[in-house]
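# Examining the three-dimensional arrangement
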Amino acid sequence: MDSVDRKILAELQQDGRLTLTELADRVRLSISPCHRRLRALESSGAITGYRAQLDAHALGLTFEALVFVTMRAADRDTIEAFEQAVAAIPHVLQAQRLFGDPDYLLRVITRDLPGFQALYDESLATLPGVQRLSSTLVMKSVSDNRPLPL
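A brief structural summary. It should be emphasised that the depicted structure is a prediction, and the values quoted were computed from it without experimental measurement.

This paragraph deals with the packing of helix α1 (residues 3-14) against helix α3 (residues 31-44). It is at 10 Å that the axes of α1 and α3 come closest, and there the two elements cross at 80 degrees. Between α1 and α3, the interaxial angle falls into the category roughly perpendicular. Of the residues in α3, those in contact with Val4, Asp5, Ile8, Leu9 and Leu12 of α1 are Cys34, Arg37, Leu38 and Leu41. Among the residues forming the contact of α1 with α3, the class breakdown is seven nonpolar, no polar and two charged.

The structure is reproduced here in structure tokens:
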């Protein structure tokens, strides 16, 4: 990956809806070489997809919490079952396995406190292998959906 590839990635992170012509112009390439590089970046896995960035508040999703999960056991079957179950919950925006205690950090979003309580009681507390859940509420997002540093 060279500096031109990094420019392509930076431009697409800012605006994933750029036409090929606009992208080529911004990175100072003709259309054919830009298209080849774009396809190579997609094939290599550097670009994993394209999607719209939505405003959670505009959609009524105004309650965000961080949930810390401590597991009862760390065997492969328990971890796989837990991770598959977490991946199936749409309100879990991010799930990260951590070193040390706790074992996982989940970023969760719902409409309101009652919605979070229902999600907590009906989904999160029933996840396979969970020993303990601990939550903290997000007061404000200072930086969110940042482009990756290139």
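Glancing now at the layout of surface pockets. Considering only enclosed or pocket space, the largest pocket measures out at about 1800 Å³ in volume. Forming the boundary of the largest pocket are 43 residues, of which Arg51, Gln53, Asp144, Asn145 and Arg146 lie nearest the centre. Of all the secondary-structure elements, those providing two or more residues to the lining of the largest pocket are α1, β1 (63-71), β2 (92-97) and β3 (104-110). When the residues that make up the lining of the largest pocket are grouped by side-chain class, the tally is 21 nonpolar, 13 polar and nine charged.

Here helix α4 (residues 76-87) contains 12 residues, and its C-alpha end-to-end distance of 16 Å stays within 8% of the 16 Å for a straight helix at 1.5 Å per residue. Considered for burial, the residues of α4 that qualify are Thr78, Ile79, Phe82 and Val86. With its buried residues spanning 95 degrees around the axis, α4 presents them on a single face. In α4, the exposed positions angled more than 90 degrees off the buried face are occupied by Arg76, Asp77, Gln84 and Ala87. In this fold, the buried residues of α4 make contact with β1, β2, β3 and β4 (130-137).

Quick look at the pattern of salt bridges now. What the rule picks out here adds up to seven salt bridges. For Arg132, the salt bridge identified is with Asp101, shortest N-O distance 3.7 Å. Here Arg132 is found in strand β4, whereas its partner Asp101 is found in the loop between β2 and β3, with 31 residues between them in sequence. With a relative accessible area of 43%, Arg132 lands in the partly exposed category. The exposure class assigned to Asp101 is exposed, which follows from its relative accessible area of 57%. The closest approach of N and O atoms between Arg107 and Asp144, which form a salt bridge, is 3.4 Å. Residue Arg107 is found in strand β3, and its partner Asp144 is found in the segment after β4; the two are separated by 37 residues along the sequence. The class for Arg107 is buried, based on a relative accessible area of 16%. The exposure class assigned to Asp144 is partly exposed, which follows from its relative accessible area of 38%. Salt bridges linked by common partners bring Asp2, Asp5 and Arg37 together as one network.

Cut-offs applied
Residues numbered from 1 in each chain as written. Predicted model: local features only at pLDDT ≥ 70, side-chain atom pairs only at ≥ 80, totals over all residues. Heavy atoms only, no water. Axes fitted to C-alpha atoms, helices over the stretch in contact; angles between N-to-C directions. Helix = DSSP H or I, 4+ residues; strand = E, 2+ residues; numbered from the N terminus. Parallel < 35°, antiparallel > 145°, perpendicular 65-115°, else oblique. Contact = heavy atoms within 4.5 Å. Nonpolar A, V, L, I, M, F, W, Y, C, P; charged D, E, K, R; others polar. 1 Å grid on protein atoms, 1.4 Å probe; cavity = no way out; pocket = protein on both sides within 12 Å on 5 of 7 lines; lining within 4 Å. Points joined across faces, edges and corners; volume = space filled by probe spheres on them. Expected span 1.5 Å × (residues − 1). Buried < 20%, exposed > 50% of the residue type's maximum accessible area, 1.4 Å probe, protein only. Arc of directions from axis to C-beta. Salt bridge = Lys/Arg side-chain N within 4 Å of Asp/Glu carboxyl O.

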